[in-house]
Structure formats: structure tokens, C-alpha cells
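# A closer look at the structure
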Amino acid sequence: MPIIGPGPDDPEYDNWDPSWRHQDTPFRRWLLEKLTEAGWSFAAETATSSAPANRYHGLTDIDAGNLASLIGCSPDEVRAAHKADLADWRQEQQLRDHPDLAVLDVDLDRLWRRS
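Residues numbered from 1 in each chain as written. Predicted model: local features only at pLDDT ≥ 70, side-chain atom pairs only at ≥ 80, totals over all residues. Heavy atoms only, no water.

### Examining the overall build of the chain
- Of the regular secondary structure elements, the chain holds six helices and zero strands.
- In the chain, the order of α-helices and β-strands from amino to carboxyl end is α-α-α-α-α-α.
- Looking at the chain residue by residue over its 115 residues, the buried ones come to 28%.
- If you sum the accessible surface of the chain, you get close to 8000 Å²; carbon and sulfur atoms cover 56% of it. (Helix = DSSP H or I, 4+ residues; strand = E, 2+ residues; numbered from the N terminus. Buried < 20%, exposed > 50% of the residue type's maximum accessible area, 1.4 Å probe, protein only. Areas by Shrake-Rupley, 256 points an atom, 1.4 Å probe, with all protein chains shown as cover.)

Shown next as C-alpha cells:
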């Protein structure tokens, strides 16, 4: 019988993944930076609870507005960071679907850094 309460066994957390607590994503880094700059005392915890779950469940207008209020920016800036994160994730998925592209990606990064 599942334990009901905050955690992965709570029915509210369908599709919850414990790795989300530690998964480093561009949106999480952006959010942590902005919350820290805004002096939010629970910056790390808020970033952990808001990202990377946004990749899997999306970012509602309410969530974007709430994060924008905490950070002191516009909801459009939050959505832009979210969309950039999704683009990064899409590229990551393509590399996982085609591991041979990972070698090409590393080589292109090396060439880009040389120029």
C-alpha cells in the first residue's frame, strides 16, 4: 500500500522521478541564478521543485507568473528560459537516439572552440 504524503508514492506525483532533485538543466541553472540574485532564501529548493519537471509537465501561465514574481522579471522571460531548456533537451534526446551523433557533436564543439 502506498504511503500518502509528500513524495513519490503520493498520487499527486504521478510520473515523478527522483533524479529530478539532482538533474542539472539550463532552466534550473537560470532559475537558481535569478532567484539567488533576487535574494530568495530558498533559491535552491525552489529551483529543484520547478525544474526539470517543467520539461515533462510543461510550464503553465500561473507557474510562469509565480516564478516571474519571485525573480522580478516578466513571465515572458521565464517562458524564454523554459523554451531554451526544451531546445537543449530536444538536442540531448536526438543525441541519445543517435549515439553516433555524439562523436560528431564533440568534434564540432572542439572545432568551434578553436576558432
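### Side note on a nonpolar patch on the surface
- Side chains of Leu101, Leu104, Leu108 and Leu111 sit close together on the surface and give an oily, nonpolar patch of about 320 Å² of accessible area.
- With respect to the element layout, Leu111 can be found in helix α6 (residues 100-114).
- Judged by relative accessible area, Leu111 falls into the partly exposed class, the value being 36%. (Patch = residues over 30% accessible without salt bridge, like charges linked within 9 Å, V, L, I, M, F, W, Y side chains within 5 Å. Salt bridge = Lys/Arg side-chain N within 4 Å of Asp/Glu carboxyl O.)

### Quick word on the nonpolar core
- Of all hydrophobic cores here, the largest spans 15 residues; its most connected members are Phe27, Trp30, Leu31, Leu67, Ile71, Cys73 and Val78.
- Broken down by secondary-structure element, the contributors of at least two residues to this core are α1 (26-37), α2 (43-50), α4 (61-71) and α5 (75-97).
- When sequence neighbours within four positions are dropped, the list of residues in contact with Leu67 reads Phe27, Leu31, Thr46, Ser50, Leu59 and Val78. (Core = buried A, V, L, I, M, F, W, Y, C linked by side-chain atoms within 4.5 Å. Contact = heavy atoms within 4.5 Å.)

### Some thoughts on α1
- Taking 1.5 Å per residue as the helical rise, α1 with its twelve residues ought to reach 16 Å, and the 17 Å between its terminal C-alpha atoms agrees with that figure.
- Those residues of α1 that fall on the buried side of the exposure criterion are Phe27, Arg28, Trp30, Leu31 and Leu35. Across the axial projection of α1, the buried residues extend over an arc of 165°, all falling on one side. Within α1, the exposed residues directed more than 90 degrees away from the buried face are Thr36 and Glu37. (Expected span 1.5 Å × (residues − 1). Arc of directions from axis to C-beta.)

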